[in-house]
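Topology and contacts: notes
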Amino acid sequence: MKIAAASLLALFGSASAFAPASYAKSTSALSMNADDIKKFGAAAAAAGFVAAGVVQPAAALTKSQIQELTYLQVKGTGLANRCAEVIGDDTITPKSGARLVDMCIEPKAFAVEEEIGKGGRTEKKFVNSKVMTRQTYTLEGIEGSLDTKGGSISFKEEEGIDYAACTVQLPGGERVPFLFTVKDLVAKGSGSVFKPGFQMGGEFNTPSYRTGLFLDPKGRGGTTGYDMAVALPGLQSGEEGDDELFKENNKVFDVTKGKIEMEVNKVNAEESEIGGVYVATQLSDTDMGSKIPKKILTKGIFYAKVQQ
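Cut-offs used in this document
- Residues numbered from 1 in each chain as written.
- Predicted model: local features only at pLDDT ≥ 70, side-chain atom pairs only at ≥ 80, totals over all residues.
- Heavy atoms only, no water.
- Helix = DSSP H or I, 4+ residues; strand = E, 2+ residues; numbered from the N terminus.
- Buried < 20%, exposed > 50% of the residue type's maximum accessible area, 1.4 Å probe, protein only.
- Contact = heavy atoms within 4.5 Å.
- Areas by Shrake-Rupley, 256 points an atom, 1.4 Å probe, with all protein chains shown as cover.
- Core = buried A, V, L, I, M, F, W, Y, C linked by side-chain atoms within 4.5 Å.
- Pairing = 2+ DSSP bridges.
- Phe/Tyr/Trp six-rings, centres within 6.5 Å; stacked < 30°, edge-to-face > 60°.
- Lys NZ or Arg CZ within 6 Å of the ring centre and 35° of its normal.
- pLDDT = per-residue confidence, 0-100.
- Disulfide = S-S within 2.5 Å.
- Polar contact = N/O pair within 3.5 Å; in protein donor to acceptor, adjacent residues only side chain to side chain.
- Salt bridge = Lys/Arg side-chain N within 4 Å of Asp/Glu carboxyl O.

This brings us to the overall build of the protein. What the protein contains, in helices and strands, is 7 helices and 11 strands. Burial status across the protein gives 44% buried among its 308 residues. When contacts within the protein are restricted to residue pairs at least 6 apart in sequence, long-range pairs at least 24 apart make up 67% of them. Just so you have it, the protein exposes about 15800 Å², and 52% of that area is on carbon and sulfur atoms.

This brings us to unusual backbone geometry. Look at Asp102: it is not a glycine, yet its phi comes out positive at around 55°. Following the sequence through the fold, Asp102 ends up in strand 1 (residues 99-118). Residue classification places Asp102 among the partly exposed positions, given a relative accessible area of 33%. Positive phi is not limited to glycine here, since Asp184 has a value of about 60°. In this structure, Asp184 sits in strand 7 (residues 183-189). Given the relative accessible area of 46%, Asp184 is considered partly exposed.

Here we take up the nonpolar core. Membership of the largest hydrophobic core comes to 40 residues, with the highest contact counts inside it found for Ile105, Phe194, Met262 and Ile274. Sequence-distant contacts of Ile105, that is, excluding residues within four places in its chain, are made with Cys83, Thr138, Leu139, Ile142, Phe180, Val182, Tyr278, Ile301 and Phe302. Core analysis: the next-biggest nonpolar cluster, separate from the first, contains 7 residues, Cys83, Cys104, Val277 and Tyr303 among them.

On to the pairing of strand 8 (residues 199-206). Direction of pairing for strand 7 relative to strand 8: antiparallel, over a ladder of 5 bridges. When the sheet's bridge partners are listed, Val186 is paired in strand 8 with Glu203. Note: strand 8 against strand 9 (residues 256-268), 8 bridges, orientation antiparallel. Bridge assignment links Gln199 to a residue of strand 9, and that residue is Glu263.

For the structure on display, the rule yields 3 aromatic pairs. When the centroid spacing of 6.0 Å and the interplanar angle of 85° are considered together, the rings of Phe110 and Tyr137 count as edge-to-face. Of this pair, Phe110 sits in strand 1 while Tyr137 sits in the loop between strand 2 (121-131) and strand 3 (139-147), and the two are 27 residues apart along the sequence. Taken together, the ring pairs in this structure connect Phe110, Tyr137 and Phe178 into an aromatic cluster. The ring of Phe214 has Arg210 lying over it, and the distance from NZ or CZ to the ring centre is 4.1 Å.

The subject of this paragraph is the confidence of the model for the protein. With 76% of its residues at a pLDDT of 70 or more, the protein has an overall mean of 81. Long-range and interchain partners of residues 1-31, a stretch whose pLDDT sits below 50, account for 51 contacts in this model, where long-range means more than four residues apart.

For the coordinates displayed, the defined rule picks out 1 disulfide. Residue pairing for Cys83: its cysteine sulfur links by disulfide to Cys104, the two sulfurs lying 2.0 Å apart. Between Cys83 and Cys104, the disulfide has an S-S torsion of -85° and is therefore left-handed. Here the residue Cys83 occupies a position in the loop between helix 6 (71-74) and strand 1, and Cys104 occupies one in strand 1, the gap between them amounting to 21 residues. Exposure remark for Cys104: the relative accessible area of 1% places this residue in the buried category.

So, on to the side chain of Thr62. The residue Thr62 is located in the loop between helix 4 (42-47) and helix 5 (63-67) in this model. We classify Thr62 as buried; its relative accessible area is 13%. There is a polar contact of 3.2 Å between the side chain of Thr62 and the side chain of Ser64. Here Thr62 is in contact with Ala84, Glu85 and Ile87, once residues within four sequence places are set aside.

Under the defined criterion, the tally for this structure stands at 13 salt bridges. Here Lys251 makes a salt bridge to Asp216, at a shortest N to O gap of 3.0 Å. Placement of Lys251 in the loop between helix 7 (246-249) and strand 9 and of Asp216 in the loop between strand 8 and helix 7 is noted, with a sequence separation of 35 residues between them. A residue is classified by how much of its surface remains accessible, and Lys251, at 13% relative accessible area, is buried. Among the charged side chains, a network of salt bridges with common partners joins Arg82, Glu106 and Lys108.

Here it is as structure tokens:
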């Protein structure tokens, strides 16, 4: 009976379980950056992004309910791209040597920083964008060590599926690729106990969207391929050499910094589970050094299990 009930929830559940209203409870904690939130707009931030930018998810299920489902019950429902729900308002005090395991980070909405012109002036604001990637962008199985020295919890990410290639589309049709990730995250907390209202955040590394083996349409790459556009020799000779195409010819594996802030709003001590919401900013793809990256703002939920 449990399996049948869980299956019905997965197939016919309402997306209202993750309505944007749930984010409004933690607006004070998720102040990613005062300037970023201001650019995005107070109204949109309070509403958890407008409906056009929100990914409509499958029904919310707890970890135990998901584990009861078979492959065929999950297939095609979108549950594989969902983080588990946590039920409870308990507290968990990590012991020495504890770890966060099975961490899941699911973005629910995306925005891209753009220059908006108005009255002859331009200003940077975050614009709602539509995710174009199929439901494969959630990070899963992340784990790392917890440190409780100094009376506050800190988390160091070590391994897991901690990156996912993703593309979003702006209202004008421009598509912006980026590598959604939390690689090498070091997040410092606001206390020594996981409880509703607990906050932690820090910086992480964002590797290049493409690797050195990637070849562009002209056969140029970072570690292989041509070192110039063979079909355009006239633009790469003379006194100025290949100045005009220098960045296109000389590929670079860029590693930039990102920042994330998380707030716990649910804790289940019996299952050692925590869940909550997050806000993160990072840079988009640079096309291996030839393009100026855009700033990406994502907002969503996370799940993790405390392994004592």
